[in-house]
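# Examination of the molecular architecture
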Protein chains: 2
Amino acid sequence: MTVYTASTTAPVNIATLKYWGKRDKSLNLPTNSSISVTLSQNDLRTLTSVATSESFTEDKLWLNGKQESINSPRTKACLDDLKKLRVELEEKNSSLPKLSQWGLHIVSENNFPTAAGLASSAAGFAALVVAISKLYKLPQDMSEISKIARKGSGSACRSLFGGYVAWDMGVKENGEDSKAIEVAPINHWPNMKAAILVVSDDKKDTPSTSGMQTTVATSDLFQWRIKEVVPKRYEEMKQSILDKDFAKFGDLTMKDSNSFHSVCLDSSPPIFYLNDTSKKIIKLIHALNEQEGKIIAAYTFDAGPNAVVYYEEENESKVLGLLYKFFNKVTGWDKIDSSKLITDTDIVTDPEIYKGVSRIILTKVGDGPQDTEESLVNDQGLPK
Amino acid sequence: MTVYTASTTAPVNIATLKYWGKRDKSLNLPTNSSISVTLSQNDLRTLTSVATSESFTEDKLWLNGKQESINSPRTKACLDDLKKLRVELEEKNSSLPKLSQWGLHIVSENNFPTAAGLASSAAGFAALVVAISKLYKLPQDMSEISKIARKGSGSACRSLFGGYVAWDMGVKENGEDSKAIEVAPINHWPNMKAAILVVSDDKKDTPSTSGMQTTVATSDLFQWRIKEVVPKRYEEMKQSILDKDFAKFGDLTMKDSNSFHSVCLDSSPPIFYLNDTSKKIIKLIHALNEQEGKIIAAYTFDAGPNAVVYYEEENESKVLGLLYKFFNKVTGWDKIDSSKLITDTDIVTDPEIYKGVSRIILTKVGDGPQDTEESLVNDQGLPK
């Protein structure tokens, strides 16, 4: 009995123009377009293997070594779409095995601790959708496949490309034009680096799905953000990427992070993702840019207190120097020669700021989903 | 040699619809109208005595027992206006002593620690302007005098009335229609109470004057706030006061506090006044209202982390009960019989939240500036 398998890796992406608000909940259609940088899979990636065989009677899912329910509406929406596309192929060519009718085994692992609080659903759904589209030998391109990933988790669609990626919100009600597109490949602007400060937090964040619905329903400032602020910023940020204009890109990135957290705070009840440590990091980055007389580092915060600091490689000694000065006690510095960092600065902050950070992840712009020789399933199509 | 003296007290006011943004810096003309509740002078007030005499060659100022410079442009603007009005009187009636030509001695004291971080400039400028207008026997009404106080500190104009006060932004370039008006007197809605949680903070806040200029210049959401959000809320909040509709008043108060802090966060660089303790207090109040199934308590935060919680007297046992449960270790509870408070609730928060609060001030809606027998100056017109 033949077991068909496929594996892929998929990256994490961190938005620089934020997705916040759905105009259609079940299709994950956003109220605004967004932009992200795809991060290197050397540091953060999901590996997903899928297997199917005539003998598999049901779909099964294992995440990080544990079997999980596959019946979430979002996962089902992805599988339904992928099977529908496979059916089209099988109908055109009757010699193809009827994979669409068989059970799917999906095995997925992250190379980073989920405890880090880094949104892993984007990489997870991207890997799931890409692995199955490979297994099914689907002819659709990545933008097409991204529409399926979008139904799993909105921001997952942006993880289907490397480099600099936009999610065009589209205008159609059925969502067929709401998909990821490449703004620029990694080699257009390869020296973009990112330092992720994983910020400890005692409280449970408002989940982003319910948080964004609260904002859409209650924030008076939100309508202005999506109608006026973001559309202009979307065009400007794409251009700043094409121009490799870090000062502009960084300015827009920081402004959009703050705008997003503003409409969270303007919601009723208000939603807070930034904590006191996040705020101190924001002040540090502004102080650094002030000291340098130009924007050489840009923070952005998703729906949680973790800071992602983007910078260009040529400014690494200054940007990481500042972070090393205050966060050298946290783990994650081993890949850096700290003697080359410039820690000599007049910038001050709470000397105990490092206590609010559990680790630093040093990474950079990266590729989209990759083929891999690794597999998480054995000959029987079960987790190894 | 005759020494003329006058004394007054003036209250603190806490805005429920926030003043944030100037359209004219030197005249302190705001970008939006605002509303406040005047607080009782039993708990928070400035006492100011003024003296003048032909022998006084210059204006002098003593604040809380310490001589201070009187040459701030804001203080000078107030004194110039008041002297001009006195000149008008003296020109009409030549028998009047020429007080407008003599030096002024101004002695002012607060009955609350300035360390509490409560904006005392409103009460301070209100008392200064009212005391001098009494000394000069000016015929102008409080709304007229409020325009002079406004030049000292924008929000000071609202401290010229008791009860519920609006500051109508006006439309004229010279500011002559930008003044305080009474929305409703204290006896219209006398059972409004306020608990002020003085929140400790390690960092220096951005001064409100520079903060609001940053917001006006850089926040993309701010224009929407002043053009669309506040004008609607201004009418609704005045109506909620006239209707004594606490649920509506409280909802608008909380929303406007959050809207104000949102545009601060949307500024570049972002401005943060709420800290982690402030956020926990916000969550507590929402949890209480949720538990009660209606809004019985409403928080508001000015340009700092202190929380002011408004509630009606009939809900005191519940509102103060919740606060007492978590903040009974801080000072300020002595005027309350805590055995009458309802501390039995399922609402939870960080059990160490009280460590972020230095004291609680229990107060209520109060009167405008009051005549007083107390005087801070002696027979020679010098500080006692």
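Residues numbered from 1 in each chain as written. Chains lettered and ligands numbered in written order. Predicted model: local features only at pLDDT ≥ 70, side-chain atom pairs only at ≥ 80, totals over all residues. Heavy atoms only, no water.

## Section: the overall build of chain A
Of the regular secondary structure elements, chain A holds eight helices and 16 strands. Expected size for 384 residues packed as a compact globule is a radius of gyration near 21 Å; at 21 Å, chain A falls within 12% of this value. By its C-alpha atoms, chain A is 70 × 45 × 40 Å across when sized along the principal axes. Of all 384 residues assigned to chain A, the portion counted as buried reaches 58%. Of the charged side chains in chain A, 46 are positive and 50 negative, and the gap between their average positions amounts to 2 Å. (Helix = DSSP H or I, 4+ residues; strand = E, 2+ residues; numbered from the N terminus. Rg over C-alpha atoms; globule rule 2.2 N^0.38 Å. Buried < 20%, exposed > 50% of the residue type's maximum accessible area, 1.4 Å probe, protein only. Lys, Arg positive; Asp, Glu negative; His and termini not counted. Charge placed at Lys NZ, Arg CZ, Asp CG, Glu CD.)

## Some thoughts on the relation of the copies chain B and chain A
Mapping chain B onto chain A calls for a rotation angle of 180 degrees and an axial translation of 0.0 Å; the resulting RMSD is 0.1 Å. One copy is carried onto the other by what is essentially a two-fold rotation axis. Using C-alpha coordinates, one finds that chain B approaches the rotation axis most closely at Ser262 of chain B, a distance of 2.2 Å. (Least-squares fit on C-alpha atoms with pLDDT ≥ 70 in both.)

## A look at the side chain of Asn110 of chain B
Residue and element names in this part refer to chain B. Tracing the sequence through the fold places Asn110 in strand β9 (residues 103-110). Among the residues examined, Asn110 registers a relative accessible area of 18% and is labelled buried. Looking at Asn110, its side chain comes within polar contact range of the side chain of Thr46, at 2.6 Å. If near-sequence neighbours (up to four positions away) are discounted, Asn110 is found in contact with Arg45, Thr46, Asn64 and Ser120. (Polar contact = N/O pair within 3.5 Å; in protein donor to acceptor, adjacent residues only side chain to side chain. Contact = heavy atoms within 4.5 Å.)

## Overview of the nonpolar core
With 130 residues, the main nonpolar core has Phe327 and Trp333 of chain A together with Phe327 and Trp333 of chain B as its most contacted residues. In this structure, Trp333 of chain B is in contact with Leu320, Leu323, Tyr324, Phe327, Asn328, Leu341, Ile360 and Leu362 of chain B, ignoring residues within four places of it in sequence. (Core = buried A, V, L, I, M, F, W, Y, C linked by side-chain atoms within 4.5 Å.)

## Examining the packing of aromatic side chains
Counted under the stated rule, the structure contains 25 aromatic pairs over all chains. Arranged with centres 5.9 Å apart and planes meeting at 40 degrees, the rings of Tyr4 of chain A and Trp102 of chain A form a pair that is tilted. Linking Tyr4 of chain A in strand β1 (residues 3-11) with Trp102 of chain A in the loop between α1 (73-92) and β9 (103-110), this pair joins segments that are 98 residues apart in sequence. A residue is classified by how much of its surface remains accessible, and Tyr4 of chain A, at 29% relative accessible area, is partly exposed. On the numbers, 5.9 Å between centres and 80 degrees between planes, the contact of Trp20 of chain B with Tyr273 of chain B is edge-to-face. Taken together, the residues Trp20 of chain B in the loop between β2 (13-17) and β3 (22-24) and Tyr273 of chain B in the loop between α6 (246-265) and α7 (276-292) connect sequence positions 253 residues apart. Joined through ring pairs, the aromatic side chains of Tyr164, Trp189, Phe246, Phe249 and Tyr310 of chain A make up one cluster. One Lys or Arg, Lys329 of chain A, reaches over the ring of Tyr354 of chain A and ends 4.5 Å from the middle of that ring. (Phe/Tyr/Trp six-rings, centres within 6.5 Å; stacked < 30°, edge-to-face > 60°. Lys NZ or Arg CZ within 6 Å of the ring centre and 35° of its normal.)

## Concerning helix α8 (residues 316-327) of chain B
Burial in α8 of chain B covers these residues: Glu316, Val319, Leu320, Gly321, Leu322, Leu323, Phe326 and Phe327 of chain B. Summarising the contacts, the buried residues of α8 of chain B are in contact with β12 (192-199), α7, β13 (297-300), β14 (307-312) and β15 (357-364) of chain B.

## A word on the pattern of salt bridges
Taken as a whole and assessed by the stated rule, the structure comprises 42 salt bridges over all chains. A salt bridge links Glu90 of chain A to Arg86 of chain A, with the nearest nitrogen and oxygen atoms 2.7 Å apart. Of the two residues, Glu90 of chain A and Arg86 of chain A are both situated in helix α1; the distance of four residues between them amounts to about one turn of the helix. The same class applies to Glu90 of chain A as to Arg86 of chain A, namely buried. The partner of Asp371 of chain B in a salt bridge is Lys134 of chain B, and the shortest N-O contact between them spans 2.8 Å. Here Asp371 of chain B is found in strand β16 (residues 370-371), whereas its partner Lys134 of chain B is found in helix α2 (residues 121-135), with 237 residues between them in sequence. Of the residues examined, Asp371 of chain B reaches a relative accessible area of 63% and is grouped as exposed. Put simply, Asp220 of chain A together with Arg225, Arg233 and Asp256 of chain B are held in one network by salt bridges that share partners. (Salt bridge = Lys/Arg side-chain N within 4 Å of Asp/Glu carboxyl O.)

## Considering the interface of chain B and chain A
A common way to express how large an interface is: the accessible area buried when the components associate. Listed per partner, the contact involves 31 residues of chain B and 31 residues of chain A. Buried surface at the junction of chain B and chain A, summed over both partners, amounts to about 2,600 Å²; 62% is from carbon and sulfur atoms. Looking only at chain B, the three residues that lose the most surface to chain A are Leu221, Trp224 and Phe272 of chain B, adding up to 23% of its buried area. Along the contact surface separating chain B from chain A lie two salt bridges. Salt-bridge contacts for Asp220 of chain B lead to Arg233 of chain A; the nearest nitrogen and oxygen are separated by 2.6 Å. (Buried area = accessible area lost by both parts, 1.4 Å probe.)

## Observations regarding the sheet that holds strand β10 (residues 164-168) of chain B
Residue and element names in this part refer to chain B. Pairing within the open sheet is antiparallel, and its four strands lie in the order β2-β5-β10-β11. Looking at which strands have only one partner, the edges of the open sheet turn out to be β2 and β11 (179-184). When the angles between neighbouring strand axes are averaged without regard to direction, this sheet yields 35 degrees. Sheet topology note: the β2/strand β5 (residues 34-38) ladder contains four bridges and is antiparallel. Note that in β5 the partner of Leu17 across the bridge is Ile35. (Pairing = 2+ DSSP bridges. Axes fitted to C-alpha atoms, helices over the stretch in contact; angles between N-to-C directions.)

## Some details on empty space enclosed by the protein
Overall, the coordinates contain two cavities of 30 Å³ or more when judged by the stated rule. Each pocket or cavity is described by its volume, and for the largest cavity that value is around 170 Å³. Leu265 and Phe272 of chain A together with Leu265, Phe272 and Leu274 of chain B are the residues nearest the centre of the largest cavity, which is lined by 14 residues in total. Those elements that place two or more of their residues in the lining of the largest cavity are α6 (246-265) of chain A together with α6 of chain B. Across the lining of the largest cavity, the residue classes break down as ten nonpolar, two polar and two charged. Roughly 40 Å³ of internal volume is contained in the second largest cavity. Asp251, Met254, Lys255, Asn258, His286 and Tyr299 of chain A together with Asp266, Ser267 and Ser268 of chain B together form the lining of the second largest cavity. With four residues, the single largest contributor to the lining of the second largest cavity is α6 of chain A. Among the residues making up the lining of the second largest cavity, the classes are represented as two nonpolar, four polar and three charged. (1 Å grid on protein atoms, 1.4 Å probe; cavity = no way out; pocket = protein on both sides within 12 Å on 5 of 7 lines; lining within 4 Å. Points joined across faces, edges and corners; volume = space filled by probe spheres on them. Nonpolar A, V, L, I, M, F, W, Y, C, P; charged D, E, K, R; others polar.)

## Describing the domain arrangement of chain A
Residues and elements named next belong to chain A. For chain A, the assigned domains read domain 1 (3-185) and domain 2 (192-364). Summarising the inter-unit geometry, the C-alpha centres of domain 1 and domain 2 are found 27 Å apart. Across the boundary between the two partners, domain 1 contributes 33 residues, which contact 43 residues of domain 2. It is Thr16, Lys18 and Trp20 that lose the most area in domain 1 upon contact with domain 2, and together they represent 28% of the buried surface on that side. Across the domain 1-domain 2 interface, the total number found is two salt bridges. With a closest N to O distance of 2.6 Å, Lys18 and Asp302 form a salt bridge. Secondary-structure elements contributing two or more residues to the side of domain 1 that touches domain 2 are β2 (13-17), β5 (34-38), β10 (164-168) and β11 (179-184). Residues that form the side of domain 1 that touches domain 2 fall into these classes: 18 nonpolar, nine polar and six charged. (Domains from an automatic or database assignment.)

## A closer look at the packing of helix α2 (residues 121-135) of chain A against helix α3 (residues 142-152) of chain A
Angle between the axes and distance between the axes: these two values describe a pair of packed helices. All names here are of chain A. Two elements in contact, α2 and α3, have axes separated by 9 Å at closest approach and are oriented at 130 degrees. In terms of orientation, α2 and α3 fall into the oblique class. Between α2 and α3 lies a crossing whose hand is right-handed. Across from Phe125, Val129, Val130 and Ser133 in α2, the residues of α3 making contact are Met142, Ile145, Ile148, Ala149 and Gly152. (Parallel < 35°, antiparallel > 145°, perpendicular 65-115°, else oblique. Left-handed = near helix turned anticlockwise from the far one by under 90°.)

## Some remarks on the packing of helix α1 (residues 73-92) of chain B against helix α3 (residues 142-152) of chain B
Residues and elements named next belong to chain B. Put simply, α1 and α3 touch, their axes get as near as 7 Å, and they point 155 degrees apart. It follows from the interaxial angle that α1 and α3 lie roughly antiparallel. Note on element contacts: α3 touches α1 through Ile148, Lys151 and Gly152, opposite Arg74, Ala77, Cys78, Asp81, Leu82 and Leu85. The class makeup of the residues in the contact of α1 with α3 is five nonpolar, one polar and three charged.

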